Structures are given as C-alpha cells and as structure tokens.
Amino acid sequence: MPTLLKIRERFARVRPLDGLKVGACLHVTRETAVLARTLRAGGAEVFLAGSNPLSTQDDVAAALVEEGCSVYAWRGNDAAYYDCLRMVLRANPDILIDDGADLIVTAHREAAASLAKMVGGQEETTTGVNRLRAMEANGVLKLPLIAVNDARTKMMFDNYYGTGQGVVSVIAALNILFAGKTVVVAGYGNCGRGMALRAKGLGANVIVTEVDPIRALQAVMDGYRVMPMDEAAPLADMVFTATGCTHVVTRRHLEVLRDRAILANLGHFNVEIYVKDLENLAVRKRTVRENVGEYTLPNGRIIYLISEGRLANLVVLGGHPSEIMDLSFSVQALTSEYLVKNRGRLENKVYDIAPEVDNGVASVKLETMGVKIDSLSEMQRKYLEGFELGT
C-alpha cells in the first residue's frame, strides 16, 4: 500500500491529527491496520469497531491492540455488534470513519450530545452514503460528513475492481467452475458492472437484473441479457447481489432456483438475500465447508448460501486486494486531515470529496507505479476554462 505509506510519512512529520480521537467502524483487516497506523502516525488515538460480524481478522485485531489501538471487534460478534459501536462512542471521538453508517446513525440516536464537539465524519460505502443523504433530507443530520464513497479514486476502483473481483469468493468457497454456468448479477452499479465483467471473463453466461432503466439499458448495450429476477431465478446457477437494497432474493425466487444453485451477496448489509425465507423453506441445513451453508428444500433440491448472506468477498477472501484499499484508505486518511483543516467551516450536510484530495491520491498512486502523465499547457487550460473560441 505505497500511497498510504507515503501519506503516513508526511503525517508523522506534520502530525495533522495531533491530540484528536478517531472513532471508526470498519472491516478489521490487515489493510485497515495500515490505515489505523497512518492515523496514529498523524497524532490520533484510534478506537475501532468491526463493521461486519464475520469480517474481523482476529490476529489483526490483537496486533492493533498491542500497538496501542482500542479495538472492539472479533469474528462472530453478532450479538455484541452494537455494544462494540457504543464502546467506540464512549471514547468521545472527534472524527467518525464509517462503513455502512451504523456508527454515525448510532451516534445520532444514542450520543447526540457529543455530536456538537465533533469535527466531522466520513462514510465509505454506497449504502452508508444513501442513509446519510436520507438523514440530511429529513433534517436530522447533526454533523458535517464527507461522502468518501463518491470519490472517483474510491468508486471507480474499490467498487468496480475490488467488489468486481469478489465473484472469486465463490471459487474459493466451493471450487466451482464458472465457464458455461448462468450467473445472475442483481444490480448494475459500479459493483455490479465489475462483477458481471469478471463472471463473463470466466466464461459465464451473465444475466443482469435492475430497477434503474438507465443502468438496465447500459447492461443491454454491454452485451448482457436483462430481465426481472422472477424470470432470471429459474435460469440461475449462481446469483450475486450488490444492489444496496433489501429483499432482492426472496421465497418466490428460492422456490424456482435450479438444484445446487449458489447464492452470494456482495452488498454491504445481509438483507439482499432474505435468509429468513431460506431458513423457513428448508427442511434441512448443514455446513458443508467453511462459510458455505447447504439448504435442502422440500422438493429435494439443494441451495448453497455463501457466508450467511453477508459480504462474501470480505468473509471468504479477507476483503479487497491491498492495491485497491491503498486508494480507498488514502482517501480516508486525507479526508480526516481535510476535516481538521476545515473545522468550524462545514455545515451539517453530506459533502462530496474535495477534488484536491481525490486528484492527490491518484497522482501519488501513479507515482508509486512509475507512471507519468501529460499536464495541460497554459493555452489548453485557458481553452477549457473559456468560451470565446469555437468552430
């Protein structure tokens, strides 16, 4: 993660977060540890909870504690999930870094008095940003927030390449062949587009389901079949969800799936595949491999569910590749610095990422890769900023 390491070197010199507390709800992985170390190098105390009960890497959590971070996370902490968030909030953090908006929403519900002293917060997922924009629209947002997810260096890489490559989680979990299979991808946003491309590249016949007519049209133009989930489910050997919405795969779809169909969710929350319907429908359930549940239906057909319907790529693969998270976590580190520099000047609303942060991360990443690009001449800059010159 060379981009983030370069930022850490500068943070260690200038200490932009000196004396501040950062409260974070993130997947506790080795890449997250690099971010935590960077924030600490910048002078911050770090208080970290896990953003998914099954994604925490316990060895990483233990190592961070040994280094001085306060970590409230362990793999399988379903029952104590919100208690861990409360522990972070009890530290009275100055900056919140969130993955899914659970920490920020909990702060508004249970620690509203502490929001006034906070510098601000940031959110790194599409689902979380949607929740925060809904809070702003309803007039209940009490903290300046930066939509890290909407940064080009995040969305165009983390979502498209990182989540896109997440289809490999099914190969890792079941050693399954994609070639010749029919793969249904629910959702054709940045994540879904990446997933469809990777599945197609592995030889699968890809079907896309969508509710957005423009995204559906794009999927058609990209060469995929597009149809409602009711029509796609009976054809599916595998179904991947990444919509950010709930009840995408429900009982009526489960009842018509092919024998030994595979279900995997790559959306943030475990609500896209409605697991309760699967539990109620099945006459038998067993674990056949780590992170693979086998459900037998009354008609004898079998359905495989990856990672309990939670983020398959995080649970099975340990998260996105480090090269991808180098970008996303660099944006988060610099956004923390940006919030401090602009303390008191930001309103309680959701802001887009500052262009200087977005472009700065990309420039450093290119530098670490040994890639050089052109720069605009003064004449070109004036042309792009002006209106006088035409045909």
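Refer to the preceding data block for the structure.
Conventions we followed
Residues numbered from 1 in each chain as written. Predicted model: local features only at pLDDT ≥ 70, side-chain atom pairs only at ≥ 80, totals over all residues. Heavy atoms only, no water. Pairing = 2+ DSSP bridges. Helix = DSSP H or I, 4+ residues; strand = E, 2+ residues; numbered from the N terminus. Buried < 20%, exposed > 50% of the residue type's maximum accessible area, 1.4 Å probe, protein only. Core = buried A, V, L, I, M, F, W, Y, C linked by side-chain atoms within 4.5 Å. Contact = heavy atoms within 4.5 Å. Expected span 1.5 Å × (residues − 1). Axes fitted to C-alpha atoms, helices over the stretch in contact; angles between N-to-C directions. Phe/Tyr/Trp six-rings, centres within 6.5 Å; stacked < 30°, edge-to-face > 60°. Lys NZ or Arg CZ within 6 Å of the ring centre and 35° of its normal.

Turning our attention to the sheet that holds strand β7 (residues 182–186). In a beta sheet, neighbouring strands pair by backbone hydrogen bonds and run either parallel or antiparallel. One open sheet holds the 8 strands; their spatial order is β9-β8-β7-β10-β11-β14-β13-β12, and the pairing between them is mixed. The open sheet has two edge strands, β9 (225–226) and β12 (284–289), and neither has a second partner. Where strand β13 (residues 292–296) meets strand β14 (residues 302–306), 5 bridges bridge the pair, whose relative direction is antiparallel. Bridging from a neighbouring strand, Thr296 pairs with Ile302 of β14.

Another aspect to go through is the pairing of strand β10 (residues 238–241). What you see with β10 is no split at all: Met238 and Phe240 on one side and Val239 and Thr241 on the other are buried throughout. Judged from the 4 bridges that link them, β7 and β10 form a sheet pairing that is parallel. Of the residues in β10, the one forming a bridge with Ala186 is Thr241.

With that settled, consider the nonpolar core. Within the largest apolar cluster, 44 residues are counted, with the highest numbers of intra-cluster contacts made by Leu48, Leu64 and Ile95. Looking at this core, the elements that each hand over two or more residues are α1 (2–14), β1 (21–26), α2 (30–41), β2 (45–50), α3 (58–67), β4 (95–98), α15 (322–341) and α16 (355–368). It is α15 that provides the largest number of residues to this core, a total of 8 residues. Those residues in contact with Leu64, other than ones at most four positions away along the chain, are Ala33, Ala36, Leu48, Cys69 and Val71. Residues Val170, Leu174, Val206 and Ala264 belong to the second largest nonpolar core, which totals 28 residues.

Attention now moves to helix α9 (residues 190–201). End to end, α9 covers 17 Å across 12 residues, agreeing with the expected 16 Å (1.5 Å per residue, within 8%). For α9, the full list of buried residues reads Asn190, Cys191, Gly192, Gly194, Met195, Ala196 and Ala199. Downstream of α9 by a residue or two, Gly203 has a phi angle that is positive, lying close to 95°.

Our next topic: unusual backbone geometry. The bulk of non-glycine residues show a negative phi, and the bulk of peptide bonds are trans. For Arg15, which is not a glycine, the phi torsion comes out positive at approximately 50°. Structurally, Arg15 is set in the loop between α1 and β1. Positioned with a positive phi, Arg260 is a non-glycine residue whose angle comes to about 65°. Of note, Arg260 is situated in the loop between α12 (251–254) and β11 (261–265).

A word on the sheet that holds strand β5 (residues 120–123). Pairing is parallel in the open sheet, where 7 strands are placed in the order β3-β2-β1-β4-β5-β6-β15. Two strands in the sheet have a free side with no partner beyond their single neighbour: β3 (70–72) and β15 (350–351). Seen against the sheet, α2 touches β1, β2 and β4 and runs at an angle of roughly 160° to β2.

Considering all chains together, one arrives at 5 aromatic pairs under this definition. Ring centres of Tyr160 and Tyr161 lie 4.9 Å apart, and the angle between their planes is 80°; this geometry places the pair in the edge-to-face category. What makes Tyr161 partly exposed here is its relative accessible area of 36%. Ring-pair connections join several aromatic residues into one group, and the members of that group are Phe157, Tyr160 and Tyr161. Over the ring of Tyr160 we find Arg198; its NZ or CZ atom is 5.8 Å from the centre of that ring. Directly above the aromatic system of Tyr224 lies the positively charged group of Lys200, at a separation of 5.3 Å from the ring centroid.

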